[in-house]
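# Structural overview for review
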Amino acid sequence: MEKEWLSKGNHEKISCANCSKIQKGIGAMDHHSGICPDCNISCVWYYITNENVVQIIPEFAPNSVKFFIEWCQSELDELEIIELIIELEKIGKTKSTE
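Cut-offs used in this document
Residues numbered from 1 in each chain as written. Predicted model: local features only at pLDDT ≥ 70, side-chain atom pairs only at ≥ 80, totals over all residues. Heavy atoms only, no water. Helix = DSSP H or I, 4+ residues; strand = E, 2+ residues; numbered from the N terminus. Buried < 20%, exposed > 50% of the residue type's maximum accessible area, 1.4 Å probe, protein only. Areas by Shrake-Rupley, 256 points an atom, 1.4 Å probe, with all protein chains shown as cover. Phe/Tyr/Trp six-rings, centres within 6.5 Å; stacked < 30°, edge-to-face > 60°. Expected span 1.5 Å × (residues − 1). Polar contact = N/O pair within 3.5 Å; in protein donor to acceptor, adjacent residues only side chain to side chain. Contact = heavy atoms within 4.5 Å. Patch = residues over 30% accessible without salt bridge, like charges linked within 9 Å, V, L, I, M, F, W, Y side chains within 5 Å. Salt bridge = Lys/Arg side-chain N within 4 Å of Asp/Glu carboxyl O. Arc of directions from axis to C-beta.

### Focus: the overall build of the chain
- Across its full length, the chain carries two helices and six strands.
- Reading the secondary structure of the chain in the N-to-C direction produces β-β-β-β-β-β-α-α.
- For the chain, the proportion of its 98 residues judged to be buried stands at 32%.
- As presented, the chain carries roughly 6,500 Å² of accessible surface, and 53% of it is formed by carbon and sulfur atoms.

### Re the packing of aromatic side chains
- Under the criterion given, the structure shown has one aromatic pair.
- Ring plane angle 25° and centroid distance 6.4 Å describe the contact between Phe68 and Trp71, whose orientation is recorded as stacked. Of this pair, Phe68 and Trp71 both sit in helix α1 (residues 63–75), three residues apart, which is roughly one turn of the helix.

### A look at helix α2 (residues 78–93)
- With 16 residues, α2 should cover 22 Å at 1.5 Å per step; its first-to-last C-alpha distance of 23 Å lies within 8% of that length.
- Its side-chain oxygen at 3.2 Å from the backbone nitrogen of Leu79, Asp77 defines the N-terminal cap of α2.

### Quick word on the environment of Phe60
- Relative to the elements of secondary structure, Phe60 occurs in the loop between β6 (52–56) and α1.
- Put simply, Phe60 and Ala17 are 43 residues apart on the chain and 9.8 Å apart in space, counted from C-alpha to C-alpha.
- When sequence neighbours within four positions are dropped, the list of residues in contact with Phe60 reads Lys3, Glu4, Trp5, Asn18 and Ile41.

### Considerations on the environment of Val65
- Inspection of the secondary structure assignment puts Val65 in helix α1.
- Between the C-alpha atoms of Val65 and Trp5, which are 60 residues apart in sequence, the distance is 9.9 Å.
- Leave out the neighbours within four places in its chain, and Val65 touches Trp5 and Ile56.

### With respect to a nonpolar patch on the surface
- Together, Phe68, Trp71, Leu88 and Ile91 make up an exposed nonpolar region whose accessible area comes to about 410 Å².
- Residue placement: Ile91 occurs in helix α2.

### Details of α1
- With 13 residues, α1 should cover 18 Å at 1.5 Å per step; its first-to-last C-alpha distance of 18 Å lies within 8% of that length.
- Residues of α1 that are buried: Val65, Ile69 and Cys72. Down the axis of α1, the smallest arc covering the buried residues is 65°, so these residues share one side. Facing away from the buried side of α1 by more than 90 degrees, the exposed set consists of Ser64, Phe67, Ser74 and Glu75.

So, in structure tokens, the structure goes:
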């Protein structure tokens, strides 16, 4: 069975993609690896806005996502990664001109 590598929620609660336990009060973004306090799996928490928190588990993520996270961790600081994610979100929300 393929493991989930991504979970989305908000700052009030988000379920861990690995153990499904609810995490509450995710209040800071750190693009360096952390751990789930319940199952201790290595993960990255991206806190973008109060309504948009993402947990990524690199161990289960597609290689392209793993490489992107590794590049971000080595080349960007916290502010730069936040700016990059915000701009990527804008790209995703932009409507086609065709």
